[in-house]
Number of protein chains: 2
Amino acid sequence: MSAEKFEKSKTIELRKKHVGPSCKIFFSHDPIKIVQAKGQYMYDEKGQCYLDCINNVAHVGHCHPDVVKAAAQQMELLNTNSRFLHDNLVFYAQRLQATLPEKLSVCYFVNSGSEANDLALRLARQYSGHKDIITLENAYHGHVSSLIDISPYKFHQLSDAEQNQFVHVAPSPDVYRGKYRADYSDPATAYANEVKAIIDTVHKKGGKIAAFIAESLQSCGGQVIPPVGYFQQVAKHVHKAGGLFIADEVQVGFGRVGTNFWAFQLQGEDFVPDIVTMGKPIGNGHPMSCVVTTREVAEAFMSSGMEYFNTFGGNPVSCAIGLAVLDVIVKEDLQGNALRVGQYLTNLLEKQKEKHPLIGDIRGCGLFVGVELVKDRLKLTPATAEAQEVIYKLKEQHILLSADGPHRNVLKFKPPMCFTMEDADLVVEKIDLILTALQNTLI
Amino acid sequence: MSAEKFEKSKTIELRKKHVGPSCKIFFSHDPIKIVQAKGQYMYDEKGQCYLDCINNVAHVGHCHPDVVKAAAQQMELLNTNSRFLHDNLVFYAQRLQATLPEKLSVCYFVNSGSEANDLALRLARQYSGHKDIITLENAYHGHVSSLIDISPYKFHQLSDAEQNQFVHVAPSPDVYRGKYRADYSDPATAYANEVKAIIDTVHKKGGKIAAFIAESLQSCGGQVIPPVGYFQQVAKHVHKAGGLFIADEVQVGFGRVGTNFWAFQLQGEDFVPDIVTMGKPIGNGHPMSCVVTTREVAEAFMSSGMEYFNTFGGNPVSCAIGLAVLDVIVKEDLQGNALRVGQYLTNLLEKQKEKHPLIGDIRGCGLFVGVELVKDRLKLTPATAEAQEVIYKLKEQHILLSADGPHRNVLKFKPPMCFTMEDADLVVEKIDLILTALQNTLI
Ligand SMILES: Cc1ncc(COP(=O)(O)O)c(C=O)c1O
Ligand SMILES: Cc1ncc(COP(=O)(O)O)c(C=O)c1O
């Protein structure tokens, strides 16, 4: 393909030389060089096509022509900071607001999920005048210092992990493997009471809660779907302590869950977070993101007297792209597609579960689906090596899937939203073959 | 102009409703709506042209066709994360490296100046195993939590400012208004000794220095040019304490200073920072930035075992844009232009200084120039209101300039690098008239 400048070996050599070694690559023993992509397909330097089941950033499909066009047109016209008035900024804010409960009406535009979550923490701390943050087990919220502190997924990797004194970790509301499982009478209340217990302990030590932060559905944490009612109860406890509820929708927002535009809405209409952070899919790959909050929180933040200035945030190009993404989601009914194809995929996987003892659990909403592999369905022993094997074997067959969760045994589906039933058939068929072969070698 | 969607009053109304009130706007009493821009010119909704003397982000000129083309072409082809191999990433890293001293060979690609500086702090803390940071008076390094902490420009705005215990503020090496002035025998050594004294105090209290961070030339801090030799001596003291030297080139890099590609190089060839952070001009407005460091620092960071993953950082589109910007700088000799036009502008301003007692100091390198207004050349009383008046009057005449520094009395020139001698003539002529009128009302 024309887009190749170096031989693959040279690319690898230059990467080793000039790119930070902490920046990991997929399939590091035999990495993939991708030169082109379209919809849910990616192409390597030899023109080989890969089915992409993992890129939730390329939300409306890789290189969607409407998005590319909107970007190019605005780039030709103007790209500058938000200290000048511009219609794209306010129109986009208005359009985003229309997807949310009314009280979430004030936007801050930034460039990444990390910038969004860091700002969310600043907003909560300024509003409450408090410092302590409650986060979930296995959570990942971003790469800047303040977020490593609230990301057990990250800080547990550190040999000399030293937990920030203002950060408190609540159990992941995982009804499959967690502390309270599906057979427990009321896991939502039980998990929410754990948060309450943390608040009480913090209070006893003289601390004060600024915020509880959680992904609406845990992604890196293992595709965890919190039981309905959990967020409402947590919000009640956190509000009573003077803190705010931050819903991180960086991975799961923008219609992916199918039934709703935002994943927090799965908890019911009676739940509204105080702050919502967005990222990844928002610009179909363009570096942009957003924090939305209430008027009260925004005004408390302003009352500190400190300006918030973000050089690139909310520029006319990013907003044009954001608008185009919203338009495509509607025009192509991608939320509906996520619901239908997600349901279809889940059904196919459920059938595989009947067939393969290695599959312990299937869970998901729309095109956000997890398949947890276990060696023993009673003990739930994580089938980590097997999950890796599935991923590697799928790659050989040109299907991109990944495994995550604390035991890296959860296969994660979060494909571009144009994923089809045929794509679902294909990947499940391959998984069936791989699991069958695996099961045979295990016997 | 076609690009207007709302009446200006509606834009203002929507902005008030949906955009965080901490996000300030230029000329808030009568803000400007910009709908188009080209080169060093911006156009409002009525087609009125403004000469842009402040947008250092639109480095190679607003909406440069080569940059737009590179972006659009790559957007059509592929935009994905850096976990796949891609030639743009490694080629761009190689090209950036070629502009730097050899030991600065490892890049991390991120999305904003803030992400870059936060990562720089993480690198320094991990490498040194230390925590304390020395920053300069009036410094601004970004908007995320960890950087507000090291930005006196910001945290001094807080009513309840509570300085982070690991952050120490050294005097700004300002030889015009600072502690040691041009008439002092050796201001470089005197200012560096202040840093040494801080290190000694930190050590006495049991702390350990992770890094000294400074802009190579202070921008928000008031266009301060540190005396030659200052960085070398600071680096010596900091290295002796086991810490690193971080040069923030977010505002001043990429040829702006004219004589060199990087502003830290103004200190001489014997000075090489351990970490350089880049931003603003790097993508001509596209959200991207970079941290470059040494192999040793990069390996120490990796040895923590923690992956560094940045969703958008180093994507093929950002790298294509970065490459195009480097190409345009060379092709159009913009560094040379900065040197020539900057010199010409400085000469014109020097003549104004002879004429107007309000002008206390002219300082700068290339197209990074500051004009400090004072009411009294001996007492250096800041002429803050007068600086605001100049800015507002220039705006009426469709010239965009800003005032900054701790007293907001320093007129800042940092225009797109295609700024011409005619542009310089125009703005200086207008300033002359405004200062003449001002002086008359003062008498
Ligand atoms: C839930 C969640 N929040 C925040 C982030 C950080 O986003 P970014 O990499 O854009 O900074 C991520 C990234 O993976 C994420 O998964
Ligand atoms: C010197 C310096 N460093 C860092 C930053 C932060 O850059 P960004 O706004 O892209 O996060 C700025 C922004 O004004 C800056 O002036």
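Residues numbered from 1 in each chain as written. Chains lettered and ligands numbered in written order. Predicted model: local features only at pLDDT ≥ 70, side-chain atom pairs only at ≥ 80, totals over all residues. Heavy atoms only, no water.

As named in an unreviewed UniProt entry, chain A is Ethanolamine-phosphate phospho-lyase, taken from Echeneis naucrates. Chain A has a UniProt comment under Subcellular location (unreviewed entry) that states "Mitochondrion". Quoted straight from UniProt, the Cofactor (unreviewed entry) entry for chain A says "pyridoxal 5'-phosphate". (UniProt positions renumbered as here; feature names shortened; annotations may be inferred.)

## Section: the overall build of chain A
Broken down by element type, chain A carries 13 helices and 15 strands. By residue count, 67% of the 443 residues in chain A fall in the buried class. If you take every contact in chain A between residues at least 6 apart in sequence, the share linking residues at least 24 apart comes to 72%. Total accessible area computed for chain A in this model is approximately 15500 Å², and 51% of it derives from carbon and sulfur atoms. In chain A, the 45 positive side-chain charges and the 49 negative ones have mean positions that sit 4 Å from each other. (Helix = DSSP H or I, 4+ residues; strand = E, 2+ residues; numbered from the N terminus. Buried < 20%, exposed > 50% of the residue type's maximum accessible area, 1.4 Å probe, protein only. Contact = heavy atoms within 4.5 Å. Areas by Shrake-Rupley, 256 points an atom, 1.4 Å probe, with all protein chains shown as cover. Lys, Arg positive; Asp, Glu negative; His and termini not counted. Charge placed at Lys NZ, Arg CZ, Asp CG, Glu CD.)

## Section: the side chain of Asn88 of chain A
You can see Asn88 of chain A is positioned in helix α3 (residues 87-97). Not counting the four nearest positions on each side in its chain, Asn88 of chain A is found in contact with Gln74, Pro316, Cys319, Ala320 and Leu323 of chain A.

## A short note on the pattern of salt bridges
Counted under the stated rule, the structure contains 38 salt bridges over all chains. Here Glu4 of chain B makes a salt bridge to Lys33 of chain B, at a shortest N to O gap of 2.9 Å. Separated by 29 residues along the polypeptide, Glu4 of chain B in the segment before α1 (8-18) and Lys33 of chain B in the loop between α1 and β1 (34-38) bring together distant segments of the chain. The partner of Asp66 of chain B in a salt bridge is Lys331 of chain B, and the shortest N-O contact between them spans 2.7 Å. Placement of the pair is Asp66 of chain B in helix α2 (residues 65-77) and Lys331 of chain B in helix α10 (residues 316-331), with a sequence separation of 265 residues. Using a relative accessible area of 29% as the deciding quantity, one classes Asp66 of chain B as partly exposed. Residue class for Lys331 of chain B comes out exposed when judged on its relative accessible area of 60%. Each of the salt bridges in this network shares a partner with another, and the network as a whole consists of Arg177, Asp361, Arg363 and Glu372 of chain A. (Salt bridge = Lys/Arg side-chain N within 4 Å of Asp/Glu carboxyl O.)

## Side note on the site of ligand 2
Among the 14 residues in the neighbourhood of ligand 2, the closest are listed as Thr311 of chain A together with Gly113, Ser114, Asp248 and Gln251 of chain B. Interatomic distance of 2.6 Å between a side-chain N/O atom of Ser114 of chain B and an oxygen atom of ligand 2. His143 of chain B has a polar side-chain atom sitting 3.4 Å from an oxygen atom of ligand 2. Coverage of ligand 2 by the protein amounts to 99% of the 390 Å² it exposes when considered alone. For the shell around ligand 2, the element with the most residues is helix α4 (residues 113-128) of chain B, which contributes three residues. Along the lines of polarity and charge, the residues of the shell around ligand 2 split into two nonpolar, nine polar and three charged. (Near = heavy atom within 4 Å. Polar contact = N/O pair within 3.5 Å; in protein donor to acceptor, adjacent residues only side chain to side chain. Nonpolar A, V, L, I, M, F, W, Y, C, P; charged D, E, K, R; others polar.)

## A few points about the site of ligand 1
In the vicinity of ligand 1, 14 residues are found, and the nearest of them are Gly113, Ser114, Asp248 and Gln251 of chain A together with Thr311 of chain B. Bordering ligand 1 are residues originating from chains A and B. Within the side chain of Lys280 of chain A, a nitrogen or oxygen atom sits 2.9 Å from an oxygen atom of ligand 1. Protein chains shield 99% of the accessible area of ligand 1, which is 390 Å² for the free molecule. Considering every element that reaches the shell around ligand 1, the biggest residue donor is helix α4 (residues 113-128) of chain A, with three residues.

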